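# Notes for the structure review
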Amino acid sequence: VPLVQSGGGSVQPGGSLQLSCAAAGGPFGLYAMGWFRQAPGQEREFVAAIGRSDGDTNVADSVKGRFTISRDNTKNTVFLQMNSLKSEDTAVYYCAARPWDWRTSGGEYDAWGQGTQVTVSS
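We now turn to the structure provided with this report. (Residues numbered from 1 in each chain as written. Predicted model: local features only at pLDDT ≥ 70, side-chain atom pairs only at ≥ 80, totals over all residues. Heavy atoms only, no water.)

## Observations concerning the overall build of the chain
What the chain contains, in helices and strands, is zero helices and 11 strands. When the helices and strands of the chain are read in sequence order from the N terminus, they spell out β-β-β-β-β-β-β-β-β-β-β. Relative to its length of 122 residues, the chain is compact, with a C-alpha radius of gyration of 13 Å against a globular reference of 14 Å. Counting only C-alpha atoms, the chain reaches 40 × 25 × 25 Å along its principal axes. Buried positions account for 43% of the 122 residues belonging to the chain. (Helix = DSSP H or I, 4+ residues; strand = E, 2+ residues; numbered from the N terminus. Rg over C-alpha atoms; globule rule 2.2 N^0.38 Å. Buried < 20%, exposed > 50% of the residue type's maximum accessible area, 1.4 Å probe, protein only.)

## Quick look at the sheet that holds strand β7 (residues 67–72)
Taken in spatial order, the four strands make up an open sheet running β1-β3-β8-β7, and their pairing is antiparallel. The open sheet terminates on both sides in strands that have one partner only, identified here as β1 (3–7) and β7. For this sheet, the mean inter-axis angle between neighbouring strands, taken without regard to orientation, is 15°. The sheet contact formed by β1 and strand β3 (residues 17–23) spans five bridges and is antiparallel. Opposite glutamine 5, over in β3, you have cysteine 21 as the bridge partner. (Pairing = 2+ DSSP bridges. Axes fitted to C-alpha atoms, helices over the stretch in contact; angles between N-to-C directions.)

Encoded structure:
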């Protein structure tokens, strides 16, 4: 399923950003969605995932309490709300989709968005 990301940009530490990821095909409701990030020189890192319903989520410890993943199946879109951003959150963020259940390993996702840069700097 083609995924198109939007959002991101530059923000000061402590600020907020929201990323969106829209699926061009479907049925979107049958896909679990994930967010990953990759900083320069580092491996891709799991950030958050959501199952087919809004209540089934998993968030990495590094962002727990600051990032929230949600989805709107009527709009075929998944969101990543990022609050209290830190410099170490700077990375390219990717959304990903896989059928049925979420995973924390990027290798288990079938489709990927184009990536969007998030820069946290004063």
